[in-house]
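# Examination of the molecular architecture
Single-letter residue listing:
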Amino acid sequence: MPEGKIVFKQPEALEDVPTHYCPGCTHGIIHRLIAEVIDELDLREKTIGIAPVGCSVLAYHYFNFDMAEAAHGRAPAVATGIKRVRPENVVFAYQGDGDLAAIGTAEIIHAANRAENITVVFVNNAVFGMTGGQMAPTTLPGQVTTSTPTGRDVKLAGYPMKVAELIAQTTGAAYVVRRTVTRPKYIRSCRKAIKTAFETQLAGLGFSIVEVLSTCPTNWGMSPLEALKWLEDNMIPYYPLGDYKVIDEVEALA
Amino acid sequence: MARVLMKGNEAIAEAAIRAGCDAYFGYPITPQTELLEYMSKRMPELGRVFLQGESEVACINMVLGAAAAGRRVMTSSSSPGVSLKQEGISYLAGTELPAVIVNIMRGGPGLGNVQPSQSDYFQATKGGGHGDYFPIVLAPSTVQEAIDFTILAFELADKYRNPTMILGDGSIGQIMEPVELPEVEPKPPPKPWALTGCQGREKNIVRSMYLLAGPLEARNIILQKKYREIEANEQRHTEYMLEGAGVVIVAYGTAGRVAQTGIKKARDEGILAGLFRPISLYPYPKDALSSLTDQAKVFLVLEMSAGQMLEDVELVVKGRVPVDFQGWLGGRVPSPTEVLEKIREMADKYTS
């Protein structure tokens, strides 16, 4: 009899536990991609992750490596503290859009501009998820949330924050891209970007960030499939997918 | 050991280096900036980490990261900056991470001024941020004490896995005095909880969130047990001319130092006055102060504030002896003559 060969399995970097994420939420896919990349690059035993405040605060229960919890928005500062004293480790922060683009704008901009040799996975679902669907800095114009009940009025609440475009302006950033995970081709592309982001850090090339457009069916008031479609129809036009900054040294990694 | 002339802020920085401080994160603010500047030069020379962060908020969270990674780490600031650090100090306490925080106090509230003050006592000793916690707080009155207490702060922080604060004032930070810099052999304890990468062991998690009431309560009971242990073991104070003293002055830091001169003058006049000077402000040296209620006719609390430590003294004395107070509110160091006048008033009122 021919010997069996394992062609697909649960990543070692992911715990075999159910998550608390809502049905149709794409956090699960993004967690999985990170775990797969960490396994592929054989980084699990040297990785230190930072969980944010927001829906993904419990990420340390799902990832199977050392992790810290950061105060709201401070994950890049905590990651900086760890990486500076343990440059031999791989350090990444997982942040949502409230965490990174509202309360944590100072920390993310300065970490990027210092060329801090860390990786950030930025999950943008255009809403504060954990607190029940309030307006985030990334909420689209006219989008109804529990704190913009008649839709986001940009005259009153300002404009959605384009994080990848913003970070790309910093001299210190090495790799800045935006992806999504709404369909298999996008998921493959996102996985590749996360891998490149970690490789950027491994090569000591500086700050890397992957913005991932993500769904929040519960707070958007949609079915999972409706949410995927709404993201593609509404978020991608405002937040175009693509590479916003890839320095030559990162290009050369490919 | 050779004596050298050093400014308080620089002496604290050098003491931290000798205590094995692996990383320093700070932001400029008067009157502590020389500490940051000293670190910016010396830490890279030693191959250690120095980083000027974008804010005190960022710096204290960098401190949290470095502490979580198992290193000895320090930050320093002055009153308005320390207010910003309170978020991170609460998280340090909640996650039980050792770190040293220096507050060289200036006048407040708000922007106040850059003169010496002691008006952050409540903030320092009662927690300061959200939640039930206490940082350990040590108050130097000389540059030499600033050195010795900084070294002690690293030891206590590691021993109890707790944020530990050096609470000085602008005078301690700016004054130059001859000091002895001790040679220290830092011996940080093993830190099996630290984030180092999970090679050869289960993963470590550094967190303060416990969503359910039961687990959070259990967590807080553990923290409170630790604080009781600190209160039982780490009360520190010093005394000056307490023999036969009916007027017992209670003052810490620079106020305590000035009081000493005032007391000497009072003794020259035949007034039996003495000083009880707390060194640990948390834990407050309750036991030793309480034992003075048999001898004291009055406790006179002197502070460069509107009366904050005063409440701790009143809690210890519990009405057994009168407690009087004088404070200086402008960001100003009192003169020994002002202290002497107050001692005379106390002697007339309570001991004659």
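Rules behind the numbers
- Residues numbered from 1 in each chain as written.
- Chains lettered and ligands numbered in written order.
- Predicted model: local features only at pLDDT ≥ 70, side-chain atom pairs only at ≥ 80, totals over all residues.
- Heavy atoms only, no water.
- Pairing = 2+ DSSP bridges.
- Helix = DSSP H or I, 4+ residues; strand = E, 2+ residues; numbered from the N terminus.
- Contact = heavy atoms within 4.5 Å.
- Axes fitted to C-alpha atoms, helices over the stretch in contact; angles between N-to-C directions.
- Buried area = accessible area lost by both parts, 1.4 Å probe.
- Salt bridge = Lys/Arg side-chain N within 4 Å of Asp/Glu carboxyl O.
- Core = buried A, V, L, I, M, F, W, Y, C linked by side-chain atoms within 4.5 Å.
- Buried < 20%, exposed > 50% of the residue type's maximum accessible area, 1.4 Å probe, protein only.
- Domains from an automatic or database assignment.
- Parallel < 35°, antiparallel > 145°, perpendicular 65-115°, else oblique.
- Left-handed = near helix turned anticlockwise from the far one by under 90°.
- Polar contact = N/O pair within 3.5 Å; in protein donor to acceptor, adjacent residues only side chain to side chain.
- Nonpolar A, V, L, I, M, F, W, Y, C, P; charged D, E, K, R; others polar.
- Expected span 1.5 Å × (residues − 1).
- Bend = angle between axes of the 7 residues up to and from the residue.

## Examining the sheet that holds strand β9 (residues 205–206) of chain B
Reading across the sheet, the eight strands line up as β7(A)-β5(A)-β6(A)-β4(A)-β3(A)-β1(A)-β2(A)-β9(B) and stay open at both edges, with mixed pairing between neighbours. One side of each edge strand has no neighbouring strand; the edge strands of this open sheet are β7 (242–246) of chain A together with β9 of chain B. Bridge count between strand β5 (residues 173–180) of chain A and β7(A): four bridges; the pairing is antiparallel. Along β7(A), the bridge assignment pairs Val177(A) with Asp243(A). Against the sheet, helix α3 (residues 75–85) of chain A touches β1 (47–51) and β3 (90–96) of chain A, its axis set at about 175° to β3(A).

## Focus: the interface of chain A and chain B
Facing 37 residues of chain A, the contacting portion of chain B comprises 35 residues. Per-residue buried area on chain A facing chain B is highest for Asp66(A), Glu69(A) and Val85(A); these three make up 23% of the total on that side. Notably, a salt bridge pairs Glu87(B) with Arg74(A), separated by 2.8 Å at the nearest N-O pair. Residue assignment for the side of chain A that touches chain B shows that the elements contributing at least two residues are β1, α2 (59–62), β2 (66–69), α3 and α5 (105–113) of chain A.

## With respect to the nonpolar core
Counting 126 residues, the largest nonpolar core has Phe207(A), Phe25(B), Met39(B), Met74(B) and Phe299(B) as its most contacted members. Tallying contributions element by element places helix α6 (residues 143–160) of chain B first for this core, with 11 residues. A domain split of this core shows at least three residues from each of domain 1 (3–233) and domain 2 (237–351) of chain B. Residues contacting Met39(B), with those up to four places away along its chain left out, are Ala13(B), Ala16(B), Ile17(B), Cys21(B), Tyr24(B), Pro44(B), Phe50(B) and Met74(B). Grouped together as the second largest cluster of nonpolar side chains are 40 residues, Tyr60(A), Val123(A), Ala193(A) and Ile194(A) included.

## With respect to the sheet that holds strand β5 (residues 99–105) of chain B
All names here are of chain B. Pairing in this open sheet of seven strands is mixed, and the strands run β3-β2-β4-β5-β7-β6-β13 from one edge to the other. Where the open sheet ends on each side, the last strands, each with one partner, are β3 (49–52) and β13 (280–282). Recorded for the sheet is a direction-independent mean angle of 20° between the axes of neighbouring strands. Where strand β2 (residues 23–26) meets strand β4 (residues 73–77), two bridges bridge the pair, whose relative direction is parallel.

## Re unusual backbone geometry
With an omega of 5°, the peptide bond running from Thr30(B) to Pro31(B) counts as cis. Along the polypeptide, Pro31(B) turns up in the loop between β2 and α2 (33–45). Cis geometry is adopted by the peptide bond preceding Pro109(B), which originates at Gly108(B) and carries an omega value of 0°. Secondary-structure assignment places Pro109(B) in the loop between β5 and α5 (121–125). At Asp42(A), a residue that is not glycine, the phi angle is positive and equals roughly 55°.

## Description of the packing of helix α1 (residues 8–18) of chain B against α2(B)
Between two packed helices, the angle of one axis relative to the other and the distance separating the axes together describe the packing. Residues and elements named next belong to chain B. Axis separation between α1 and α2 bottoms out at 7 Å; the angle between their running directions is 40°. Judged by the angle between their axes, α1 and α2 are oblique. Judged by the twist between their axes, the crossing of α1 over α2 is right-handed. Across the interface between the two elements, Asn-9, Glu-10, Ile-12, Ala-13, Glu-14, Ala-16 and Ile-17 of α1 pack against Thr-33, Glu-34, Leu-35, Tyr-38, Met-39, Arg-42 and Met-43 of α2.

## Quick look at the environment of Gln86(B)
All names here are of chain B. When you line up the elements, Gln-86 lands in helix α4 (residues 79–94). As for Gln-86 and Ala-124, which are separated by 38 residues in sequence, their C-alpha atoms are 9.4 Å apart. Once residues within four sequence positions are removed from consideration, Gln-86 is found in contact with Gln-123, Gly-127, Gly-128, Gly-129 and Tyr-133.

## Looking at the pairing of β2(A)
Both faces of the sheet carry side chains from a regular strand, because those side chains alternate between them. Neither face of β2(A) is left uncovered, since the one carrying Asp66(A) and Ala68(A) and the one carrying Met67(A) and Glu69(A) both have all their residues buried. The pairing of β1(A) with β2(A) spans four bridges and is classified as parallel. In the strand pairing of β2(A), Ala51(A) is matched with Glu69(A). Where β2(A) lies against β9(B), two bridges are found, and the strand directions are parallel. Counterpart to Met67(A) in the pairing with β9(B) is Ile205(B).

## Details of the domain arrangement of chain B
All names here are of chain B. As assigned here, chain B comprises domain 1 (3–233) and domain 2 (237–351). Centre-to-centre, using C-alpha coordinates, domain 1 lies 28 Å away from domain 2. With 32 residues of domain 1 at the contact, the number on the domain 2 side is 25 residues. When domain 1 packs against domain 2, the two sides together hide about 2,300 Å² of surface, and 51% of this comes from carbon and sulfur. The three residues of domain 1 that bury the most area against domain 2 are Gln-118, Tyr-121 and Phe-122, which together make up 31% of that side's buried surface. Along the contact surface separating domain 1 from domain 2 lie three salt bridges. The partner of Asp-312 in a salt bridge is Lys-126, with the nearest N and O atoms 2.7 Å apart. Run the count over domain 1 and domain 2 and you get 19 residue pairs in polar contact (both at pLDDT 80 or more). Looking at the side of domain 1 that touches domain 2, the elements with two or more residues in it are α5, β6 (136–138), α6, β7 (163–169), α7 (170–174) and α8 (213–233).

## A short note on the packing of α1(B) against α6(B)
All names here are of chain B. Two elements in contact, α1 and α6, have axes whose closest approach is 8 Å; the angle formed by their N-to-C orientations is 30°. With respect to each other, α1 and α6 are oriented roughly parallel. At the point where α1 passes α6, the crossing takes the right-handed sense. Seen from α1, the contacting residues are Gly-8, Ala-11, Ile-12, Ala-15 and Ala-16; seen from α6, they are Val-143, Ala-146, Ile-147, Thr-150, Ile-151 and Phe-154. When its residues are assigned to classes, the contact of α1 with α6 shows nine nonpolar, two polar and no charged.

## Some details on α4(B)
All names here are of chain B. For α4, spanning 16 residues, the distance from its first C-alpha to its last is 22 Å, which sits close to the expected 22 Å at 1.5 Å a residue. Within α4, the axis deviates most sharply at Lys-85, by approximately 45°. Counting buried residues along α4, 12 of its 16 residues qualify, which places the element largely inside the surrounding structure. Turning to α4, its buried residues number three or more, namely Ser-79, Gly-81, Val-82, Lys-85, Gln-86, Gly-88, Ile-89, Ser-90, Tyr-91, Leu-92, Ala-93 and Gly-94. Of the residues one or two after α4, Glu-96 is the one with positive phi, at around 55°.

## Examining the pattern of salt bridges
With the rule as written, the count across this model stands at 39 salt bridges over all chains. The salt bridge partner of Asp66(A) is Arg201(B), with a shortest N-O separation of 2.6 Å. Here Arg201(B) lies in the loop between β8 (176–180) and β9 and Asp66(A) lies in strand β2, a pairing that spans two chains. For Asp66(A), a relative accessible area of 0% gives the class buried. For Arg201(B), a relative accessible area of 26% puts it in the partly exposed group. Each member of the salt-bridge network shares a partner with another, and the members are Glu14(B), Arg18(B), Lys41(B), Arg42(B), Glu45(B) and Glu183(B).

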